[in-house]
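# Coordinate inspection notes
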Amino acid sequence: MSEQTTIRMPDTSKLVVSSSPHYHDMGSIPKIMFTVLAALAPAVFASIYFFGWRALLVLSVCMVSCAAIEALLCRLMRRRISIGDGSALVTGLLLGMTLPVTSPLWMCIVGSFIAIGLGKMVYGGLGGNPFNPASVGRVALLLACPSAMTTWVTVSGCALNKWVVDATTGATPLELVAQNQPGPGFWSLFLGNIGGSIGETCTLALIVGGVFLIALKIIRWQIPVFFIGTVFLITGIAYMVSPCPKFNPMTHVLSGGLMLGAFFMATDMVTSPLNRKGAVVFAIGCGIITTIIRLWGSYPEGISYAILIMNALTPLIDRYTAGRPFGVARKASQKNA
Amino acid sequence: MNKQIKFYGGVKLDEGKMTSNEPIISAPLEPLYTVPLQQHIGAPAKAVVQKGDKVLRGQLLGEAGSFVSAPVHSPTSGTVRELSSCLGPAGAQLPAVVIESDGEDTAAEPLPIFANWQEASPDELKARVAEAGIVGMGGAAFPTAVKLSPPPNVTIDTVILNGVECEPCLTADHRLMLEHTETIITGARIIARILGVKQIIIAIEMNKPDALEMMTKKAEGTGVEVVGLRVLYPQGAEKQLIYTVTGRKVPSGKLPAHVGCLVTNVSSAAAIADAVCLGKPLYERITTVTGTPVAKPGNILCRVGTPYSSALALCGGVKEDPLKIISGGPMMGMSVYSLDIPIIKGTSGILLLAADEVSQYTPNACLRCGRCNDACPMEMIPGILSSTIEFHHFSLAERWHVMDCIECGCCSYVCPAGRPLVQHMRRAKAVANATRRAAEAASKK
Amino acid sequence: MIDIVMMTGTGVLLGLAIGLVVRYFGVPVNPLVESLNELMPGANCGGCGLAGCSDYANAMATGRAKPGLCPVMSAEAVAKCCELLGVESDTTEPKIAVVCCSGDDDHAAKQAFYNGVNDCLNAMLVAGGSKGCTYGCLGLGSCARACPFGAIEMLPNHLAKIHADLCTGCGKCYMACPRNVIKLVPRSAAKVHVYCNSPKKAPIKRTVCKAACIGCRKCAKTAGEGQIIMNGYLASINYDNPPAEGIVEVCPTKCLRKAD
Ligand code: SF4
Ligand code: SF4
Ligand code: SF4
Ligand code: SF4
């Protein structure tokens, strides 16, 4: 055969044309969301370990109902069904993790509806929502059913053989310290052997997941570090001024929703600032509001409120922290901002 | 130069330079060359030949149409078959001269040679650069002679030769630096003579250690400084390059000349040396033909006007059907849908991408993840800008400096939502330019 | 009792204050502008070349613009304007827009799959749009989005269709179209059109579009003198002297059609 006949030329009829660049780092929204789910896995295991198998039921109901509600609403709004991107599952899981293990299932479904429907879809779906949907759901439930949302069971070690741990009601460490009683010791706090919402107790598992996300550059390290750091700093100063259990920085940092909130909820891409500078401002703001609510407010816990308030300020933060483009003189950029 | 300034943002790319070790091969003669009269930014060249004319290699086909323009020369000897138009890489129809080769490849009388260019006057040399039709060969194809005529109120003190070649896959400049090292250095010194500049820097990315070494060795004692730069896309972008090498920031909306710098591609420098020392106008260039579907990727010395299909055939055709054909590199090149497009002075590469290497743009909303913020070397806010532009708030986008975008593609590269950010920026720039032109026309009236 | 007095007093005071402010600081409204404004269609399409209806009304009142520039206004409204302004009425011929292309997906070959922002201008920036014919309609609807009257329908096989009953000839689509396939023609003469925009040679056109004008000159020969002009390979209607509708019969590619 001659050289000429063996040369295969491309078939130009099936080409795609698009704008440059033609390379992509192959990241995608589903990839991000499923990585977040994976990062939450240790915390899920920890919650089953301490609270019993009902924890899994609550989490699954939240996830499934979030996905179903999103699908339904997309259908009603005649949009592309967007549950494939996994963000509804993340919202559901986060919402479930902020509920007590004894929450009735209807509450999970109502919470999911509020989180997805009012927290996200009314703004046009993922990317348009100004507030973190899981926080919206949790706050709404907290306001609507305060007693169900603050009924805590007492935890004592492994509960893998139980459906749900014995329903003796206990108090969370934050409730204890709010009444100025000493909270549990460091190891109980760190491992999660304490009362509280399903996914909030095991600091170790949450940190593992959070560090995993930071390592993969899915979340900015600035947010958890400055958030937790601010809480630690303010409570620490208060503790030095008056060393009573109420101000114990260790209890404040290691208990309640701080770890979950700082690593997984405040870092929600859609509702946190765009750039690093803004993220620092945002995180410090979250920290300050959280501590104020915890120490001087009427609630023992304030993470969700802090995150929502700072979410509302995010556009403002973005606006004032936006850098000047390369080579733009300071004056010109201010004039135009 | 061990501690370099790092520009903001940028992305690390998979280089995919599979043709770094492929020596340059010359393409055989084509039966037909389609030579576009507009291969550069600015006004198209005005044809000086007619249908049926006999032309020789290197003969003038079209003369510069205005101040910002460049002449075009014949790639071989033959007959002018027609003056028509052809599809250019950007998708527009370009006026073109079609030349039927006579197979003799007889050269025209070369332009007078400067045997001793060190003695020639800068103006003479500059005129030669203009006459030879030399343009920026990195892709943008800005007429070099225009670049060499800075506005009278600035003084240029540094000439930077861009051998960075930060686009993945392309190796044309790399091979040129290895095989024609001295020509490049001569070209650099000619440029310096034209501008009366002492400081000449050749910048090469560290991923080409052989070129760096070769260049350093040959540059010894010529007063040319060779620097190796950190590997980070887009290191080769003009403003970023100047910043890294000299620490000067080109102000928004201004030219490098305003900070006393001139940046030109190494290929253009080599072409200048050829024009001055050999009297050879620019009618051929090295083009990298590469991509996973290509059977034998390589670096080919092609005459201007060679269709892409011939260059590809020279590389053995394809192993599998590509999904995209790109004129240029993967980050800034233009996708085309035809292989009849001719190679022009700015065609640094022809890249084929297989189906699994291509990701599709999606109509997802911006997630506000901020990755594009972190990646944009111009420190802009591409995500917000693109949403603004999507809703046609063009004047707002302009106030937010969309005109500073260098279309490097870092933002789209990192966007997890797969938004066509660069396309949005280009749209806004096109609109802004059109508005500006309309305003100018109105004010003239 | 006291409350009532207080409330009434406050009301009277505020009323007075407002009255005084209006009296001394109010911008006097030219009654002429007001009556002109009432005649304006209120579409704010910008077809007059000014920033909107009330801007145009102002401009007319101050003599900066002539009546009759608005493509939307009815002839009676224009006549009334002239009357109000006390000038001779000189109305411009109402226009209508035509998309001069027949190359929908069934007729014109798509050279490649375009992946990007769904807008003609954006598509033009990528390989000049993926349509084989570089003169035809891209069918991504920039014109339809620009039309303030919703007169342009995007057919599912990617061709813009202008509904004559809704089109006011404001020219917004004409400005928006990056391919320049939309022409503004006099409404009264808009009976037949050449639905092709490519000046390329017939064989080249035919490879990319089955419905192109092939420049066979049949129509020009059949029509009366000067009614159809040939521009190289593209026939064009002389709208000052339009041919009869029956002419469409002779066109072999059916690109010469009655207005639809
Ligand atoms: S293409 Fe423009 S906006 Fe995007 S990263 Fe490059 S300079 Fe920034
Ligand atoms: S990278 Fe994409 S999703 Fe993220 S902020 Fe930028 S445009 Fe939005
Ligand atoms: S007529 Fe023009 S603007 Fe309208 S769809 Fe066709 S190409 Fe686009
Ligand atoms: S008859 Fe049809 S194809 Fe022939 S010139 Fe007229 S419009 Fe074109």
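Within each chain, residues carry numbers counting from 1 in the order of the written sequence. Lettering of chains starts at A and numbering of ligands starts at 1, both following the order in which they are written. Local features are withheld for residues below a pLDDT of 70 in this predicted model, meaning they are given only at 70 or higher, and side-chain atom pairs are given and counted only at 80 or more; totals for whole chains, interfaces and linings count all residues. Excluding hydrogens and water, the side-chain values take into account all heavy atoms of the structure.

Being near a molecule or strand, for a residue, means having at least one of its heavy atoms within 4 Å of it. Lining the immediate environment of ligand 2, one finds Cys366, Leu367, Arg368, Cys369, Gly370, Cys372, Gly383, Cys415, Pro416, Ala417 and Leu421 of chain B. Grouping the constituent residues of the shell around ligand 2 by class yields 8 nonpolar, 2 polar and 1 charged. Gly is put with the polar residues, along with every residue not named as nonpolar or charged; the nonpolar set is Ala, Val, Leu, Ile, Met, Phe, Trp, Tyr, Cys and Pro, and the charged set is Asp, Glu, Lys and Arg.

The predictor reports its confidence for every residue as pLDDT, a score running from 0 up to 100. Summary statistics for chain B give a mean pLDDT of 90 and a share of 99% for residues scoring 70 or more. Both confidence scores are given for the complex: pTM 0.86, ipTM 0.86.

Let us now look at the interface of chain B and chain C. Only heavy atoms enter the contact rule, under which two residues are in contact if any of them lie within 4.5 Å. At the interface, 18 residues of chain B touch 22 residues of chain C. Two parts placed together each lose some accessible area under a 1.4 Å probe, and adding up what both lose gives the buried area. Summing the contributions of chain B and of chain C, the shared interface buries around 1,600 Å²; its carbon and sulfur component is 50%. Every case where a carboxyl oxygen of Asp or Glu lies within 4 Å of a side-chain nitrogen of Lys or Arg is listed as a salt bridge. On inspection of chain B and its partner chain C, the count reaches 2 salt bridges. Throughout this description, a polar contact denotes any pair of N or O atoms lying within 3.5 Å of each other; where both atoms belong to protein, one of them has to be capable of donating a hydrogen while the other can accept it, and for residues adjacent in sequence the pair is counted only when both atoms sit in side chains. Across the chain B-chain C interface, the total number found is 11 residue pairs in polar contact (both at pLDDT 80 or more). If you list the elements that add at least two residues to the side of chain B that touches chain C, you get β7 (78–87), β16 (334–336) and α13 (421–444) of chain B. In this description a helix means any DSSP run of H or I spanning at least four residues, a strand means any run of E spanning at least two, and both kinds are numbered starting from the N terminus. No other element matches the 5 residues that α13 of chain B contributes to the side of chain B that touches chain C.

Here we take up the sheet that holds strand β10 (residues 199–205) of chain B. Residue and element names in this part refer to chain B. What makes two strands pair is DSSP finding at least two bridges between them. In space, the 4 strands of this open sheet follow the order β11-β10-β9-β12, with parallel pairing throughout. Strand pairing shows two members of the sheet lacking a second neighbour, β11 (224–229) and β12 (261–265), which therefore form its edges. Ignoring strand direction, the axes of neighbouring strands in this sheet form an average angle of 25°. Examined bridge by bridge, β10 and β11 share 6 bridges and lie parallel to one another. Paired with Ile202 across the bridge in β11 is Val226. Across the face of the sheet, helix α4 (residues 181–195) comes into contact with β9 (158–163), β10, β11 and β12 while running at roughly 150° to β9. Note on definitions: angles span 0 to 180 degrees between N-to-C directions of axes, and those axes are lines fitted to C-alpha atoms, for helices only across the stretch in contact.

Our focus in this paragraph is helix α3 (residues 53–61) of chain C. Residues and elements named next belong to chain C. Where α3 is concerned, the buried positions are Cys53, Tyr56, Ala57, Ala59 and Met60. Projected onto a plane normal to the axis of α3, the buried residues spread over an arc of 165° and lie on a single side. Against the buried residues of α3 lie α2 (31–39) and α4 (75–85). Partly exposed describes any residue whose relative accessible area lies between the buried limit of under 20% and the exposed limit of over 50%, with all areas from a 1.4 Å probe on protein chains only and scaled to the type maximum. To obtain the arc, one takes the directions from the helix axis to the C-beta atoms.

Turning to the pattern of salt bridges, a few remarks are in order. All names here are of chain B. Throughout the structure, instances matching the rule amount to 27 salt bridges over all chains. We note a salt bridge from Lys218 to Glu182, for which the minimum N-O separation is 3.8 Å. Placement of Lys218 in helix α5 (residues 209–219) and of Glu182 in helix α4 is noted, with a sequence separation of 36 residues between them. Looking at Lys218, the relative accessible area reads 31%, which means it is partly exposed. The salt bridge involving Lys429 is made with Glu407; its shortest N-O contact spans 3.1 Å.

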